[in-house]
Amino acid sequence: MWRRDRKERRIAAVLGVCLWAAAGVPGLAAENAAVGGIQLAEDTSEKPCICGEDEYVLLLNKNNYAEIYDSQGNAVGTCRAILDSYYWAATIPKDSLLCYNDGETWSVFSMQTLQTILEVPAETHSCAISGDACLVEDPKSGTISLYNVSGTLLYQFGEGDWLSKEDGYTRILNLENGYLIGLCRYDSTELPPFGPVWVSKDGQEHREITDSYLKQAFCEGRVSAFGDYLMIYEWNTSMSAIYDLEGTLRLGQVDSSIYPRTTDNFSYIWNAEPALVLSQMPEGTFLYDTKLQECGQLSNPEILYPAYCAGFLEGMTYDELGGRTCDGFVTYNGSAFPYTRTEDGCLIYAAEGLFHVPLNEGEEPAELNASYLILSSRDEEENYKSLLVWRKSGEVLAESRWENGESLSFALCGGGCMILEENSEEGSSILTVRDSGNEVCYTSENVRAQSWKNGYMLLERGIYRGIADLDGNWIVRTIAGWSE
């Protein structure tokens, strides 16, 4: 829609200039002389925003090339890629790398420069990427090379520094100010004699990690990055703790009977988002940033989206919800939000706060947005089914089914919208998109759609597939193949 509007405005502007010149209005000519004879209205049309400003969108075309678009839908390049998100569409940060193997060559493509920065033979080399860094391994020469997003060689492990990878694999962790590279082994009873190694982002500094506990955890694959710290998962306690690169425990608690380094200050550590962790203590739940600086405290369920929702307390009564008391057991059950059971349903912690949903036996909340809720359950034969509920009234709008070759499915979008797809036994389908008021804003036959970011949808229609608004207008599209 927005592209058509801009094109129409440009045509109108050109026609207006021609008509003005033909009419020869001297007063108008004098008035506009200071700006070259033409005054055009400022373009105030709303621009699309199909991803974040620091991201690109990749759309896979029929030739298995990924077309690259910026947040406003402008094409900026192409690359070879295998997409993990919804198979043919994905977003990727602008400072990251993509790796592709065509059977003969490993190609490393930089989203920062929009160019291929490295190519090595696939028969003799292997590649691994993590964000803005790439490891290239040459087993024949025994070297492992680290490259950054611009293709600069930062560090190289020489022959004899590394063990054979026959019983393990090389792993790279992307820290805030460096990279941690090492060997993970399937049999972790024997530690590698070398590594892991920390390398600075500019490649000017590097040092080997010597702490035996960190080496063991890295070798066993239990380490993830959090800022410039390491979050280590403990198999024996099912909890995590945060350490610095010297092996000092900085946040969390481990079982002192198994691991000697412990503190009594913290009980649980959770990842709330890439730049935040939560630590639950008797006096409350505290938020910490990647510098391990305290940046907030959760003492009740009024703060948006606490991980595992520490605000749900057993026996707590919510007056604003009719005096219901929750059981204190918070669960996800595959949903993207925390909830807890009550005597007649469940309390859901959503963006706008707490709300109560009545549930029948066996029903669980699975997905929600500002207007709709999907409940999942099993029928008498243990087959999964789902109910679509309009939150404003509690009315059940649809029930997914699979009977005699007919099916019904639905997906929720941003902005409180919903996509409903009905498939018939004959193979035809009808797609319906409803807005937050449960009004139909788009319907079409034999098309497919899924939700996308910022209130857009992924759409497959005819020979095209791409990103469209909820009225079915293309924002970006590519040719996917011939329509059946």
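Figured I'd write up the structure that's included with this text. (Residues numbered from 1 in each chain as written. Predicted model: local features only at pLDDT ≥ 70, side-chain atom pairs only at ≥ 80, totals over all residues. Heavy atoms only, no water.)

### A short note on the overall build of the protein chain
Alright, step 1. The secondary structure content of the protein chain amounts to 3 helices and 41 strands.
Alright, step 2. Looking at the protein chain as a whole, 44% of its 484 residues are labelled buried.
Alright, step 3. Restricting the contact set of the protein chain to residue pairs at least 6 apart, pairs at least 24 apart contribute 35%.
Alright, step 4. For the protein chain, the exposed surface amounts to about 25300 Å²; the carbon and sulfur share of it is 48%. (Helix = DSSP H or I, 4+ residues; strand = E, 2+ residues; numbered from the N terminus. Buried < 20%, exposed > 50% of the residue type's maximum accessible area, 1.4 Å probe, protein only. Contact = heavy atoms within 4.5 Å. Areas by Shrake-Rupley, 256 points an atom, 1.4 Å probe, with all protein chains shown as cover.)

### What to know about the sheet that holds strand 30 (residues 372-378)
Alright, step 1. Taken together, the 4 strands give an open sheet; going across it, the order is 29-30-31-32, and neighbouring strands pair in antiparallel fashion. On the outer flanks of this sheet lie strand 29 (364-368) and strand 32 (395-399), each paired with one strand and no other. Within this sheet the neighbouring strands show an average axis-to-axis angle of 35 degrees, counted without direction.
Alright, step 2. The sheet contact formed by strand 30 and strand 31 (residues 384-390) spans 7 bridges and is antiparallel. Opposite Leu375, over in strand 31, you have Leu387 as the bridge partner. (Pairing = 2+ DSSP bridges. Axes fitted to C-alpha atoms, helices over the stretch in contact; angles between N-to-C directions.)

### Details of the side chain of Glu67
Alright, step 1. Residue placement: Glu67 occurs in strand 2 (residues 65-69).
Alright, step 2. We note that Glu67 is buried and unpaired, the nearest opposite charge coming from Arg465 at a distance of 8.7 Å.
Alright, step 3. One polar contact links Glu67 to Tyr69, side chain to side chain, over a distance of 2.6 Å.
Alright, step 4. Of the polar contacts made by the side chain of Glu67, one reaches the side chain of Thr478; its length is 2.8 Å.
Alright, step 5. Sequence-distant contacts of Glu67, defined by excluding residues within four places in its chain, comprise Val57, Leu58, Leu59, Asn61, Gly77, Thr78, Arg477 and Thr478. (Lys, Arg positive; Asp, Glu negative; His and termini not counted. Salt bridge = Lys/Arg side-chain N within 4 Å of Asp/Glu carboxyl O. Polar contact = N/O pair within 3.5 Å; in protein donor to acceptor, adjacent residues only side chain to side chain.)

### Quick notes on the packing of aromatic side chains
Alright, step 1. In total, this model carries 2 aromatic pairs according to the counting rule given.
Alright, step 2. Between Tyr213 and Tyr243 the ring centres are 5.3 Å apart and the planes differ by 55 degrees, which places this aromatic pair in the tilted class. One end of the pair, Tyr213, is in helix 3 (residues 212-219); the other, Tyr243, is in strand 18 (residues 239-243), with 30 residues separating them in the sequence.
Alright, step 3. The class of Tyr213 is buried, set by a relative accessible area of 11%.
Alright, step 4. Classification of Tyr243 by relative accessible area gives buried; the value is 0%.
Alright, step 5. Measuring from centroid to centroid gives 6.4 Å for Tyr464 and Trp474, while their planes differ by 65 degrees, and the two rings are edge-to-face. Of this pair, Tyr464 sits in strand 40 (residues 464-468) while Trp474 sits in strand 41 (residues 474-479), and the two are 10 residues apart along the sequence.
Alright, step 6. For Arg80, the ring lying beneath its charged end belongs to Tyr65, and the centroid distance is 4.6 Å.
Alright, step 7. It is Lys94 that lies over the ring of Tyr56; its NZ or CZ is 5.1 Å from the centre. (Phe/Tyr/Trp six-rings, centres within 6.5 Å; stacked < 30°, edge-to-face > 60°. Lys NZ or Arg CZ within 6 Å of the ring centre and 35° of its normal.)

### Focus on the sheet that holds strand 11 (residues 153-157)
Alright, step 1. One open sheet holds the 4 strands; their spatial order is 8-9-10-11, and the pairing between them is antiparallel. Edge positions in the sheet fall to strand 8 (126-130) and strand 11, since each has one partner strand and no second. Between one strand axis and the next, the sheet turns through 20 degrees on average, direction left out of account.

### Quick notes on the pattern of salt bridges
Alright, step 1. The final tally for this structure, using the stated rule, is 7 salt bridges.
Alright, step 2. The residue Lys453 makes a salt bridge to Glu55 at a minimum N-O spacing of 3.2 Å. Here Lys453 is found in the loop between strand 38 (448-451) and strand 39 (457-461), whereas its partner Glu55 is found in strand 1 (residues 55-60), with 398 residues between them in sequence.
Alright, step 3. Judged by its relative accessible area of 32%, Lys453 falls in the partly exposed class.

### Topic: the pairing of strand 38
Alright, step 1. In terms of strand pairing, strand 38 meets strand 39 through 4 bridges, oriented antiparallel. When the sheet's bridge partners are listed, Arg448 is paired in strand 39 with Glu460.

### Details of the nonpolar core
One broad rule of soluble globular proteins: the nonpolar side chains tend to lie buried together.
Alright, step 1. Among the nonpolar cores identified, the biggest contains 26 residues, and Ile50, Val57, Leu58, Leu98, Met111, Trp452 and Ile467 are the most heavily contacted of them.
Alright, step 2. For this core, the secondary-structure elements that each account for two or more residues are strand 1, strand 2, strand 4 (89-93) and strand 41.
Alright, step 3. When residues of this core are assigned to their parent elements, the largest contribution, 5 residues, is made by strand 1.
Alright, step 4. Grouped together as the second largest cluster of nonpolar side chains are 17 residues, Tyr213, Phe218, Val223 and Ile232 included. (Core = buried A, V, L, I, M, F, W, Y, C linked by side-chain atoms within 4.5 Å.)

### Description of the pairing of strand 39
Alright, step 1. Where strand 38 folds back on strand 39, the antiparallel hairpin that results is connected by 5 residues, among which Asn454 adopts a positive phi of roughly 55 degrees.
Alright, step 2. In sequence, strand 39 turns back onto strand 40 through a hairpin of 2 residues, with Gly462 there showing a positive phi of about 65 degrees.

### Some remarks on the environment of Ala217
Alright, step 1. With respect to the secondary-structure elements, Ala217 resides in helix 3.
Alright, step 2. Judged by its relative accessible area of 0%, Ala217 is buried.
Alright, step 3. Expressed as a C-alpha distance, the spacing of Ala217 and Glu234, which sit 17 residues apart in the sequence, is 8.8 Å.
Alright, step 4. Leaving out residues up to four positions away in the same chain, Ala217 has contacts with Arg222, Val223 and Ile232.

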